[in-house]
Amino acid sequence: MKFAQIIEVETERMDEMRALIERFEKTSMGKDRPSHRTVLQDRAKSNRFLIIIEFESYEKAMRNSSDPEVGKLSEQLAALATKKPVFTDCDIREQADIK
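Here the structure is a predicted model, which is why all the values come from computation and not from measurement.

Student: Help me out: how do you make sense of the overall build of the protein in this one?
Tutor: Within the protein, the secondary structure is distributed over three helices and four strands. Tracing the protein from N to C terminus, the helices and strands come up as β-α-β-β-α-α-β. A compact globule built from 99 residues should have a C-alpha radius of gyration of about 13 Å, and the protein, at 14 Å, falls within 12% of that. When the backbone C-alpha atoms are referred to their principal axes, the protein occupies close to 35 × 35 × 20 Å. Going through the 99 residues of the protein one by one, you find that 31% of them count as buried. Restricting the contact set of the protein to residue pairs at least 6 apart, pairs at least 24 apart contribute 74%.

Student: Could you clarify how one ought to interpret the sheet that holds strand β3 (residues 48–55) in this entry?
Tutor: Strand order across the open sheet formed by four strands is β2-β3-β1-β4, with antiparallel pairing between neighbours. The open sheet has two edge strands, β2 (36–41) and β4 (86–91), and neither has a second partner. Adjacent strand axes in the sheet meet at a mean angle of 20 degrees when their direction is disregarded. The pairing of β2 with β3 spans six bridges and is antiparallel.

Student: Looking at this structure, how should I read the nonpolar core?
Tutor: If you look at the biggest cluster of nonpolar residues, it comprises 18 residues, and the most contacted ones within it are V9, M14, M17, I51 and L77. Those elements that provide at least two residues to this core are β1 (3–10), α1 (14–27), β3 and α3 (68–79). With five residues, the single largest contributor to this core is α1. Not counting residues within four places of it along the chain, the set of residues in contact with L77 comprises M17, L20 and I21.

Conventions and cut-offs
Residues numbered from 1 in each chain as written. Predicted model: local features only at pLDDT ≥ 70, side-chain atom pairs only at ≥ 80, totals over all residues. Heavy atoms only, no water. Helix = DSSP H or I, 4+ residues; strand = E, 2+ residues; numbered from the N terminus. Rg over C-alpha atoms; globule rule 2.2 N^0.38 Å. Buried < 20%, exposed > 50% of the residue type's maximum accessible area, 1.4 Å probe, protein only. Contact = heavy atoms within 4.5 Å. Pairing = 2+ DSSP bridges. Axes fitted to C-alpha atoms, helices over the stretch in contact; angles between N-to-C directions. Core = buried A, V, L, I, M, F, W, Y, C linked by side-chain atoms within 4.5 Å.

Read these as geometric descriptors, not functional statements.
Now the structure itself:
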């Protein structure tokens, strides 16, 4: 079963966050990394973002989370946030393209 983590973050520095994430993704190919990343921006509160990270399985997500490189990235991202990020773990029950 696919797995997703939703990270709620508030920041005025999303461009810096995005650059860190993209650099990390380029240098860590081939590991148990996410299969998809979606960033949503709150229209009512423009410094609030929801980042949806998808993995092929819960097990791959847990291996990714235990990687020291991911821990370092998380610390760097948290330093750019205006408050502590909130994490929600979810099993993906259904995905559909609606036409």
